[in-house]
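Here is what each chain is made of, one letter per residue.
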Amino acid sequence: MRLAYVTWRNRSRLREYSGGNVAREYLIAKVAELAGADEVVGITLEDLESGASRILAGAGRLLSSLGATSLAALMRELRFEAVGCPDRIADLLAGGSILVADHVRGLLMLSRCLGRLPRGMPIVYLAHDFHVETPYGYLPRASRGHFEGIVRELLRGGAVRLIVTVTLRDKYLYEEEAPGIGVVAFPAVFPPARPVDLSRKPDDRIVVNMVGTHGPPPAFVSKLSELLRRDGVRFELVSVGGPAPGAAHVPNLPRDQFLQRLAEGHAGINYSGSTRPQSGINVKRFDFALAGDVPFSHHLSVTGEPLPREHAFIDAYDLATKLSQFSPRELAEWGRENARYAMALHERAVRSLGEAVRGLLRRGARPRTRAPSPFLRKESLYLSQYRRNSGRRNSA
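Residues numbered from 1 in each chain as written. Predicted model: local features only at pLDDT ≥ 70, side-chain atom pairs only at ≥ 80, totals over all residues. Heavy atoms only, no water.

Draft legend 1. Expanded view of the overall build of the protein chain. Secondary structure summary: the protein chain contains 13 helices and 13 strands in total. Sequence-distant contacts, at least 24 apart, represent 76% of the contacts inside the protein chain between residues at least 6 apart. Of the roughly 17,100 Å² that the protein chain leaves accessible, carbon and sulfur atoms contribute 51%. (Helix = DSSP H or I, 4+ residues; strand = E, 2+ residues; numbered from the N terminus. Contact = heavy atoms within 4.5 Å. Areas by Shrake-Rupley, 256 points an atom, 1.4 Å probe, with all protein chains shown as cover.)

Below you can see the structure in the form of structure tokens.
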């Protein structure tokens, strides 16, 4: 059986160090495993790009360089609506047994091929966010309704048969947005192939982890260090993925090593500089939980299912106050509690997704066994072969 997915990312962005890529890779592999697929084909932005979409991309870059950020964002979203559907891609999609749209942008791209697919072919929509909030909530007000209307029509038109959200909150939102479609919440717990060793946490100091690529700004980190030193707290700051002032720097690592490095700490700073409501994915917060850390989340970063041991903070002063109240041993014990809870949450989510995928196949998919088309080896199409129980994982 072949599973084909459409992603809005181009090939270079597929290799980025991001929570969105972790979720995409893990959830697509999990759907393939649960569906019994022995082949996974990925279709990227380059494979569906058209002349119009390239023009819009160029206009967006120009507007961004001129400081017109709102119009640049609009051009970016219009680009995904303006892609094409070459014959070779339509044939590839039609030859699959189940289709997956990665993100709302991937859904818009896939919609360009819907008229050329067999009627009733099941589509699974991986909703990283609630689309009304992200990405369309950041567009100029006059253009939001355009995209929201398109997505609403796609969801209610019967093509999408299953929506997979990354929080229960988003599940409720999509059930109201698209009544009648199955919706499964799969919280952003994506464990590595091997269990994380939680026994390496030091007892003589509090190790505070940050993920540098999406971590707090330098001024925040400097102030936090100053306040903790002033309070006499023995601590160490570690920045994984990107440098931060006064912090030990650990470069990007493969996902299993990344989580194991986080497991040498006690607390994780889950920082967001946004002042807007956010839906959807919060991989970093649950990565801290898998590593046995206690997440300290910056106000709106707290979205998602609650952990038994976590704290919110509003600024560096508030975070320093809270960190100074706990010992390394207390944080280590609470972190282990978080890890157990996160894995239990994951196991429940896998069962729910499995029931939904099997039900989807019973209702309409026609499993097919076929070799990869010969032209796939000659064309510039991104092709990945999924093998069950391979245990392979890419970087987080």
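Draft legend 2. Seen up close, the state of the cysteines. One pass over the full model with this rule turns up one disulfide. Linked covalently through their sulfurs, C85 and C113 form a disulfide whose S-S length is 2.0 Å. Negative torsions about the S-S bond denote left-handed disulfides, and the value of about 120° found for C85 with C113 makes this one right-handed. Of this pair, C85 sits in the loop between helix 4 (69-81) and helix 5 (87-94) while C113 is found in the loop between helix 6 (103-111) and strand 4 (123-127), placing the two residues 28 residues apart along the sequence. Comparing C85 with C113, the two get one shared label, buried. (Disulfide = S-S within 2.5 Å. Buried < 20%, exposed > 50% of the residue type's maximum accessible area, 1.4 Å probe, protein only.)

Draft legend 3. Structural view of the side chain of N209. The residue N209 is located in strand 7 (residues 206-211) in this model. Only 2.9 Å separates the side chain of N209 from the backbone oxygen of L262, close enough to count as a polar contact. Here D293 takes part through its side chain, which lies 2.8 Å from a polar atom of the side chain of N209. Apart from residues lying up to four places away in sequence, N209 is in contact with V238, L262, G265, A267, G268, I269, F288 and D293. (Polar contact = N/O pair within 3.5 Å; in protein donor to acceptor, adjacent residues only side chain to side chain.)

Draft legend 4. The arrangement of the sheet that holds strand 11 (residues 294-298) in detail. Strand order in the open sheet formed by six strands is 9-8-7-10-11-12, and the pairing between neighbours is parallel. The outermost strands of the open sheet, each flanked by one partner alone, are strand 9 (248-250) and strand 12 (311-313). Each adjacent strand pair in this sheet contributes to an overall mean axis angle of 25°, direction not counted. Of the pairings in the sheet, the one linking strand 7 to strand 8 (residues 235-240) comprises six bridges and is parallel in character. By the bridge assignment for strand 8, V207 is matched with E236. Most of the contacts of helix 9 (residues 218-230) go to strand 8, to which it runs at about 165°, and overall it touches strand 7, strand 8, strand 10 (267-270) and strand 12. Taken strand by strand, helix 12 (residues 316-323) contacts strand 7, strand 10, strand 11 and strand 12, and its axis lies near 145° from that of strand 12. (Pairing = 2+ DSSP bridges. Axes fitted to C-alpha atoms, helices over the stretch in contact; angles between N-to-C directions.)

Draft legend 5. The arrangement of helix 8 (residues 168-177) in detail. D170, K171, Y174 and E177 are the residues of helix 8 that are buried. Down the axis of helix 8, the smallest arc covering the buried residues is 125°, so these residues share one side. Where the residues of helix 8 are buried, they touch strand 4, helix 7 (141-156), strand 5 (160-165) and strand 6 (182-185). (Arc of directions from axis to C-beta.)

Draft legend 6. Focus on the packing of helix 9 against helix 12. It is the contact of helix 9 with helix 12, at a shortest axis distance of 9 Å, that shows an interaxial angle of 40°. When the axes of helix 9 and helix 12 are compared, the pair comes out oblique. Of the two possible hands of crossing, helix 9 and helix 12 adopt the one that is right-handed. In this structure, helix 9 uses F220, K223, L224, L227 and L228 to contact helix 12, whose residues at the interface are A316, Y317, L319, A320 and L323. Looking at side-chain class alone, the contact of helix 9 with helix 12 contains nine nonpolar, no polar and one charged residues. (Parallel < 35°, antiparallel > 145°, perpendicular 65-115°, else oblique. Left-handed = near helix turned anticlockwise from the far one by under 90°. Nonpolar A, V, L, I, M, F, W, Y, C, P; charged D, E, K, R; others polar.)

Draft legend 7. Up close: the pairing of strand 4. Among the five residues of strand 4, five are classified as buried, and the element is accordingly described as predominantly covered. Burial of strand 4 is two-sided: the residues I123, Y125 and A127 facing one way and the residues V124 and L126 facing the other way are all buried. As defined by bridge partners, strand 3 (residues 98-102) adjoins strand 4 across four bridges and the pair is classed as parallel. Note that in strand 4 the partner of D102 across the bridge is L126. Once you follow strand 3 into helix 6 and on to strand 4, the crossover reads as right-handed. One ladder, built from five bridges, connects strand 4 with strand 5; its direction is parallel. From the neighbouring strand, Y125 faces strand 5, where its bridge partner is I163. (Right-handed = clockwise from strand over helix to strand, strands pointing away.)

Draft legend 8. Up close: empty space enclosed by the protein. One pass over the full model with this rule turns up one cavity of 30 Å³ or more. Taken as a whole, the largest cavity holds about 30 Å³ of empty space. Forming the boundary of the largest cavity are L107, L110, L114, I123, L154, A159 and V160. For the lining of the largest cavity, the per-class residue count stands at seven nonpolar, no polar and no charged. (1 Å grid on protein atoms, 1.4 Å probe; cavity = no way out; pocket = protein on both sides within 12 Å on 5 of 7 lines; lining within 4 Å. Points joined across faces, edges and corners; volume = space filled by probe spheres on them.)

Draft legend 9. Up close: the nonpolar core. Judged by nonpolar contacts, the single largest core of 55 residues is most densely connected at L3, F186, F190 and L353. The dominant element in this core, judged by the number of residues it contributes, is helix 13 (residues 328-363), at ten residues. Setting aside residues no more than four positions away along its own chain, L353 makes contact with K30, V31, L34, L162, V164, V184 and F186. One finds L99, L110, Y125 and V160 within the second-largest nonpolar core, a separate group that totals 45 residues. (Core = buried A, V, L, I, M, F, W, Y, C linked by side-chain atoms within 4.5 Å.)

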